[in-house]
Amino acid sequence: MEKFGGISQTEYLQQSNNSLLTIAQIETKEALENVDAIAKVPGIDVLFVGPFDLGNNIGHPILSAGMHDELKAAIAKIQEAAKANEKSTGIFSTSGEQAREFADQGFNMVSVITDLPALSTFMTASLKAAQGSYMHSAANLGKEAASGLSKIAGR
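All of the points below concern the structure found in this document. It should be emphasised that the depicted structure is a prediction, and the values quoted were computed from it without experimental measurement.

### Considering the overall build of the protein chain
A count of helices and strands for the protein chain gives seven helices and six strands. Written out in order from the N terminus, the α and β elements of the protein chain read β-β-α-β-α-α-β-α-α-β-α-β-α. Taken across its 155 residues, the protein chain has 25% of its residues classed as buried. Put simply, 46% of the contacts in the protein chain that link residues at least 6 apart link residues at least 24 apart. In the structure as shown, the protein chain presents an accessible area of about 10,600 Å², 56% of it carried by carbon and sulfur atoms.

### Some thoughts on helix α5 (residues 69–84)
An ideal rise of 1.5 Å per residue puts 22 Å on 16 residues; α5 measures up with 22 Å between its terminal C-alpha atoms. Those residues of α5 that fall on the buried side of the exposure criterion are Leu71, Ala74, Ile75, Ile78, Gln79, Ala81 and Ala82. Projected onto a plane normal to the axis of α5, the buried residues spread over an arc of 160° and lie on a single side. The exposed set on the far side of α5, more than 90 degrees from its buried face, consists of Asp69, Glu80, Lys83 and Ala84. Count one or two residues on from α5 and you reach Glu86, which has phi positive near 55°.

### Here we look at the packing of aromatic side chains
Tallying each qualifying case throughout the model produces two aromatic pairs. Geometrically, the ring pair formed by Phe48 and Phe92 is edge-to-face, given 4.9 Å between the ring centres and 75° between the ring planes. Taken together, the residues Phe48 in strand β4 (residues 46–49) and Phe92 in the loop between β5 (88–91) and α6 (96–104) connect sequence positions 44 residues apart. The exposure class assigned to Phe48 is buried, which follows from its relative accessible area of 10%. Seen from their ring centres, Phe102 and Phe107 are 5.6 Å apart, and the 75° between their planes marks the pair as edge-to-face. Across the pair, exposure class does not vary: Phe102 and Phe107 are buried alike.

### Thoughts on unusual backbone geometry
The phi torsion of most residues other than glycine is negative, and most of the peptide bonds are trans. Although it is not a glycine, Glu86 sits at a positive phi angle of roughly 55°. Relative to the helices and strands, Glu86 is located in the loop between α5 and β5.

### Describing the nonpolar core
One finds Leu47, Val49, Leu54, Leu71, Ile75 and Ile78 to be the most contacted residues of the largest nonpolar core, which totals 22 residues. Looking at this core, the elements with two or more residues in it are β3 (23–26), α2 (29–33), α3 (35–39), β4 and α5. Counting residues per element, this core draws most heavily on α5, at six residues. If we ignore the near neighbours within four places in the chain, the residues touching Val49 are Ile26, Leu54, Ile75, Ile78, Gly90, Ile91, Phe92 and Phe107.

### Comments concerning the side chain of Ser93
Positionally, Ser93 belongs in the loop between β5 and α6. Polar side-chain contacts of Ser93 include one of 2.3 Å to the backbone oxygen of Ser111. Not counting chain neighbours up to four residues away, the residues in contact with Ser93 comprise Gln98, Ala99, Phe102, Val110, Ser111, Val112, Ile113 and Thr114.

### A word on a nonpolar patch on the surface
On the surface, a cluster of nonpolar side chains totalling about 340 Å² of accessible area is made up of Leu119, Phe122 and Met123. You can see Met123 is positioned in helix α7 (residues 115–153).

### Some thoughts on the side chain of Thr89
With respect to the element layout, Thr89 can be found in strand β5. For Thr89, a relative accessible area of 2% translates into the label buried.

Calculation notes
Residues numbered from 1 in each chain as written. Predicted model: local features only at pLDDT ≥ 70, side-chain atom pairs only at ≥ 80, totals over all residues. Heavy atoms only, no water. Helix = DSSP H or I, 4+ residues; strand = E, 2+ residues; numbered from the N terminus. Buried < 20%, exposed > 50% of the residue type's maximum accessible area, 1.4 Å probe, protein only. Contact = heavy atoms within 4.5 Å. Areas by Shrake-Rupley, 256 points an atom, 1.4 Å probe, with all protein chains shown as cover. Expected span 1.5 Å × (residues − 1). Arc of directions from axis to C-beta. Phe/Tyr/Trp six-rings, centres within 6.5 Å; stacked < 30°, edge-to-face > 60°. Core = buried A, V, L, I, M, F, W, Y, C linked by side-chain atoms within 4.5 Å. Polar contact = N/O pair within 3.5 Å; in protein donor to acceptor, adjacent residues only side chain to side chain. Patch = residues over 30% accessible without salt bridge, like charges linked within 9 Å, V, L, I, M, F, W, Y side chains within 5 Å. Salt bridge = Lys/Arg side-chain N within 4 Å of Asp/Glu carboxyl O.

Written out as structure tokens, the structure reads:
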């Protein structure tokens, strides 16, 4: 039998199966209404909150930096159901500061940024770097063109 890092394939598969997490993502009104029952399901390890989808689904979308009080209460309800059933909790956040707040509230798994702000931040920085390079190149090209014209004109 093939070996993986000094253990047999069978041992590897048994070990990897024991280290898997099953995560239930709570993002809908229906999931929120049934969160206590979901938390009681054997084999679920983590209740994970998607606050943007949950907010949209319960009628309180996140449109600015702040969350509506009903969304905050919904998130607290999910966390309470998880704790009552000895489950871990996770949540998406939009910044390091917000991630720290969620960690301070007891969330076990916290993202430090979501895809949209991460992509936006990265793309903006990359575009600025490229524009700087472009502008520098264009300025040099202009100098070289002027120099070439001077040489042609015999100046």
